[in-house]
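Read off the chains here:
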Amino acid sequence: MDGKIKYEFSAKMWKDASSGGWFFVSLPQVMSKEIRKNFGWQEEGWGRMKTLAQIREFKWDTAIWFDSKTGVYLLPIKAEIRKKSKLEINEKIEINIWI
């Protein structure tokens, strides 16, 4: 990932309570502060920042979204990745992102 900064963390996947219910992991608060401080200028509308993510052997282009209510970035976990990785809600997973 030439020219990109790698962040590694573990988090539990959770489902949004709204209808349609997206699945997310929340980035750690300290990590979110660092990313926003150093890369906030890359944010697009609604606090969206392009990133590359990896769970297990699966990598995909995606974005993290800054949640002003919690003060952390959220990484959406799309259905294809959840199915391939056999992820469960509240399962603690190892995640890599590159910004």
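Placed above this text is the structure.
No experiment lies behind these values; they were computed from the predicted model shown. (Residues numbered from 1 in each chain as written. Predicted model: local features only at pLDDT ≥ 70, side-chain atom pairs only at ≥ 80, totals over all residues. Heavy atoms only, no water.)

A.B. asks: Can you explain the overall build of the protein chain? Please cite residues and give values.
C.D. replies: Looking only at helices and strands, the protein chain features two helices and seven strands. Element order for the protein chain, N to C, with α for helix and β for strand: β-β-β-α-β-β-β-α-β. Its C-alpha atoms give the protein chain a radius of gyration of 13 Å, within 12% of the compact-globule value 13 Å for 99 residues. Taking the principal axes of its C-alpha atoms as reference, the protein chain extends roughly 35 × 30 × 20 Å. (Helix = DSSP H or I, 4+ residues; strand = E, 2+ residues; numbered from the N terminus. Rg over C-alpha atoms; globule rule 2.2 N^0.38 Å.)

A.B. asks: Quick one: what's the story with helix 1 (residues 29-39), residue by residue and with numbers?
C.D. replies: Considered for burial, the residues of helix 1 that qualify are Met31, Ser32, Ile35 and Phe39. Down the axis of helix 1, the sector holding all buried residues measures 100 degrees, keeping them to one side. More than 90 degrees from the buried face of helix 1, the exposed residues found are Val30, Lys33 and Lys37. Here the buried face of helix 1 lies against strand 1 (6-12), strand 4 (48-55), strand 5 (58-67), strand 6 (72-76) and strand 7 (92-98). (Buried < 20%, exposed > 50% of the residue type's maximum accessible area, 1.4 Å probe, protein only. Arc of directions from axis to C-beta. Contact = heavy atoms within 4.5 Å.)

A.B. asks: Tell me about the pattern of salt bridges, and please be specific about residues and values.
C.D. replies: For the coordinates displayed, the defined rule picks out seven salt bridges. One salt bridge connects Glu8 with Lys6, and the closest N-O pair in it is separated by 4.0 Å. The closest approach of N and O atoms between Glu44 and Arg48, which form a salt bridge, is 2.6 Å. Salt bridges sharing common partners tie together Glu44, Arg48 and Lys50. (Salt bridge = Lys/Arg side-chain N within 4 Å of Asp/Glu carboxyl O.)

A.B. asks: Pulling in residues and values, what's your account of the packing of aromatic side chains?
C.D. replies: Taken as a whole and judged by the stated rule, the model has three aromatic pairs. Both rings, one in Phe66 and one in Tyr73, keep their centres 5.2 Å apart while their planes meet at 70 degrees; by these two values the pair is edge-to-face. By relative accessible area, which is 18% here, Phe66 ends up buried. Here a set of aromatic residues connected by ring pairs shows up, and it is made of Trp14, Trp22 and Phe24. Seen from the ring of Phe66, Arg36 lies directly overhead, with NZ or CZ sitting 3.7 Å from the centre. (Phe/Tyr/Trp six-rings, centres within 6.5 Å; stacked < 30°, edge-to-face > 60°. Lys NZ or Arg CZ within 6 Å of the ring centre and 35° of its normal.)

A.B. asks: Residues and numbers for the side chain of Asn96, please.
C.D. replies: Structurally, the position occupied by Asn96 is in strand 7. Those residues in contact with Asn96 that lie beyond four places of it in its chain are Lys6, Tyr7, Glu8, Leu52, Ala53 and Gln54.

A.B. asks: How would you explain the sheet that holds strand 5 if you had to name every residue and give the values?
C.D. replies: Across the sheet, seven strands lie side by side as 1-7-4-5-6-3-2; this open sheet has antiparallel pairing. Since the sheet does not close on itself, it has two edges, and those belong to strand 1 and strand 2 (14-15), each with one partner. Note: strand 1 against strand 7, seven bridges, orientation antiparallel. Paired with Ser10 across the bridge in strand 7 is Glu94. Where helix 1 meets the sheet, it contacts strand 1, strand 4, strand 5, strand 6 and strand 7, and its direction lies at approximately 145 degrees from that of strand 1. (Pairing = 2+ DSSP bridges. Axes fitted to C-alpha atoms, helices over the stretch in contact; angles between N-to-C directions.)

Distances and angles like these do not, on their own, reveal function.
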